[in-house]
Amino acid sequence: MGGDTALVLGGGGLTGVGWEAGVLYGLARAGVDLTAADLVVGTSAGSVVGAQLTSGLLSPRELYERQLGDPAGEVAARLGTGLIARYAVAMVRSRDPEAYRRRVGALALAADTGEEAERRKVLEARLVSHAWPERRLVVTAVDALTGELAAFDRQSGAGLVEAVSASCAVPGVWPPVTVGGRRFIDGGIRSATNADLASGCSRVVILAPMALGSGLVPSPAAQAARLREAGARVLLITPSAQARKAFGRNVLDPARRDPAARAGLAQAASHAAEAAAVWAG
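Residues numbered from 1 in each chain as written. Predicted model: local features only at pLDDT ≥ 70, side-chain atom pairs only at ≥ 80, totals over all residues. Heavy atoms only, no water.

J.: For this particular structure, what's the right way to read the overall build of the protein?
T.: Looking only at helices and strands, the protein features 11 helices and eight strands. Expressed as a percentage of its 281 residues, the buried residues of the protein come to 54%. Counting contacts in the protein only where the partners sit at least 6 residues apart, residues at least 24 apart contribute 78% of the total. When the accessible surface of the protein is totalled, it reaches about 11700 Å², and 52% of it is carbon and sulfur. The centroid of the 30 positive side-chain charges in the protein is displaced by 5 Å from the centroid of its 26 negative side-chain charges. (Helix = DSSP H or I, 4+ residues; strand = E, 2+ residues; numbered from the N terminus. Buried < 20%, exposed > 50% of the residue type's maximum accessible area, 1.4 Å probe, protein only. Contact = heavy atoms within 4.5 Å. Areas by Shrake-Rupley, 256 points an atom, 1.4 Å probe, with all protein chains shown as cover. Lys, Arg positive; Asp, Glu negative; His and termini not counted. Charge placed at Lys NZ, Arg CZ, Asp CG, Glu CD.)

J.: What exactly am I supposed to notice about the packing of aromatic side chains here?
T.: Two numbers describe a pair of aromatic rings. These are the distance of the centres and the angle of the planes. Considering all chains together, one arrives at two aromatic pairs under this definition. Above the face of the Y25 ring, R29 is positioned so that its terminal group lies 5.2 Å from the ring centre. Cation over ring: R119 sits above W174, and NZ or CZ is 3.9 Å from the ring centre. (Phe/Tyr/Trp six-rings, centres within 6.5 Å; stacked < 30°, edge-to-face > 60°. Lys NZ or Arg CZ within 6 Å of the ring centre and 35° of its normal.)

J.: Would you explain the nonpolar core in this entry?
T.: Here is a general trend for soluble globular proteins: nonpolar side chains tend to be buried in one another's company. Core analysis: the largest hydrophobic core is formed by 52 residues, its most contacted members being L7, L24, L27, F152, V164 and L207. With six residues, the single largest contributor to this core is helix α1 (residues 13–29). Dropping the residues within four chain positions of it, L7 is found in contact with L24, L34, A37, L39, V40, V41, L53, V205, L207 and W279. Counting 17 residues, the second largest nonpolar core, distinct from the first, contains L83, A90, L107 and L252. (Core = buried A, V, L, I, M, F, W, Y, C linked by side-chain atoms within 4.5 Å.)

J.: Any chance you could explain the pairing of strand β4 (residues 149–152) here in plain terms?
T.: Residues in a regular strand project their side chains so that they alternate between the two faces of the sheet. The side-chain alternation of β4 yields one buried face, formed by A150 and F152, and one unburied face, formed by L149 and A151. Relative to β4, strand β3 (residues 136–143) runs antiparallel, the two sharing four bridges. Counted as the bridge partner of A141 is A150 from β4. Counted between consecutive antiparallel strands, the loop separating β3 from β4 contains five residues, among which G147 sits at a positive phi close to 80°. (Pairing = 2+ DSSP bridges.)

J.: Would you mind going over the UniProt feature "short sequence motif: GXGXXG" (unreviewed entry) in the protein with me for this structure?
T.: Following the UniProt record, one finds the feature "short sequence motif: GXGXXG" (unreviewed entry) at residues 11–16. In residues 11–16, the share of helix is 67% and the share of strand is 0%. The end C-alpha atoms are 6 Å apart. (UniProt positions renumbered as here; feature names shortened; annotations may be inferred.)

J.: How should the pattern of salt bridges be read in this particular structure?
T.: Scanning the entire structure with this criterion turns up 15 salt bridges. Several salt bridges share partner residues, and in doing so they unite E74, R126 and R257 into one network. (Salt bridge = Lys/Arg side-chain N within 4 Å of Asp/Glu carboxyl O.)

J.: Where do I start with the layout of surface pockets in this structure?
T.: To find leftover empty space, a probe the size of one water molecule is rolled over the atoms. The volume enclosed by the second largest pocket comes to roughly 160 Å³. Listing elements by their share of the lining of the second largest pocket, those giving two or more residues are α1, α2 (45–53) and α6 (116–126). Classifying every residue of the lining of the second largest pocket gives four nonpolar, two polar and four charged. (1 Å grid on protein atoms, 1.4 Å probe; cavity = no way out; pocket = protein on both sides within 12 Å on 5 of 7 lines; lining within 4 Å. Points joined across faces, edges and corners; volume = space filled by probe spheres on them. Nonpolar A, V, L, I, M, F, W, Y, C, P; charged D, E, K, R; others polar.)

J.: Would you mind showing me how to read helix α4 (residues 81–92) here?
T.: The end-to-end C-alpha distance of α4, which contains 12 residues, comes to 16 Å, matching closely the 16 Å that a straight helix rising 1.5 Å per residue would cover. Taken residue by residue, α4 has L83, Y87 and A90 as its buried positions. Buried residues of α4, viewed axially, fall in a sector of 60°; they line one side. For α4, the exposed residues lying more than 90 degrees away from the buried face are T81 and V92. In this structure, the buried residues of α4 make contact with α5 (97–110). (Expected span 1.5 Å × (residues − 1). Arc of directions from axis to C-beta.)

J.: What's the story with the UniProt feature "active site" (unreviewed entry) in the protein in this structure? I'm lost.
T.: Per the UniProt record, "active site" (unreviewed entry) is found at S44 and D186. A maximum C-alpha distance of 6.1 Å is found for the annotated residues, which run over 143 residues; spatially they form one tight group. For S44, the residues in contact, after removing those within four places along its chain, are G11, S167, C168 and D186. Judged by relative accessible area, D186 falls into the buried class, the value being 6%.

J.: Mind showing me how you'd approach the pairing of β3 here?
T.: The element β3 is largely enclosed, with a buried count of seven among its eight residues. As paired elements, strand β2 (residues 39–43) and β3 share five bridges and run parallel to each other. Looking at β3, one finds that T43 is bridged to T140. Inspection of the sheet shows β3 paired to strand β6 (residues 182–186) by three bridges, in the antiparallel sense. Its bridge partner lying in β6, D143 is registered against F184.

J.: What's the story with unusual backbone geometry in this structure? I'm lost.
T.: A negative phi angle characterises most non-glycine residues, just as the trans form characterises most peptide bonds. Even without glycine at this site, S44 takes up a positive phi of about 55°. Relative accessible area serves as the criterion here: at 8%, S44 is assigned to the buried category. One non-glycine residue, N194, lies in positive phi territory at about 50°. Checked against the element boundaries, N194 lands in the loop between β6 and β7 (203–207).

The following block contains the structure:
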């Protein structure tokens, strides 16, 4: 998608939001400020972080501090074992990635997950701005009917809150989001990072709270390798053992966002030299 530098922010629930904010602040404290990236790609949790980061209204420290404290009034959701099993069945029965995404989309459309308008209010409250930033921000989602990728930006016709809500619409947990008469689900169903959208950038840093992939969903490491093969300098950062422990067993639990943010801040120092080398070219 062009530009010189790209920051890719992957999905990973509320703990992913906290961890990414912690890593970004920790790197900034170490002298590596990624907020000036020419392109920011946000998927699911990463879309929430990306929208706040590019708003111009929060410094990395302020973004980090928003993750701390008691999440009073926030409701925990859960990716239960039954739902995860349904994802697995959809994968086994699908011949290609788009077929898998269509199956998961059908699951999402049939699920009783509450009112779309109520979920939108939650995302509205999380974002510090509801307008697309001047900076290049791309928010990913998946068409629930076709399985196709949607890369929303300020020229796409979608509102920022709509795009972020769609990117965060975990199938079977939250309702699909309507944009332009179409229904969209979480961009992480295609890829945890969608880092391929940073193709054409010469320097790329990827924060991936979820490091795994599968046969039909490319891993962050695989996407990072393809960017390197194309000539880009790439740094992929995934959670440390301590961060994974801080996440706990439920990445959608608001109470785990604070410890995840602190773990991200603590981890950042170990990546500062690598990040500086990539970002400085």
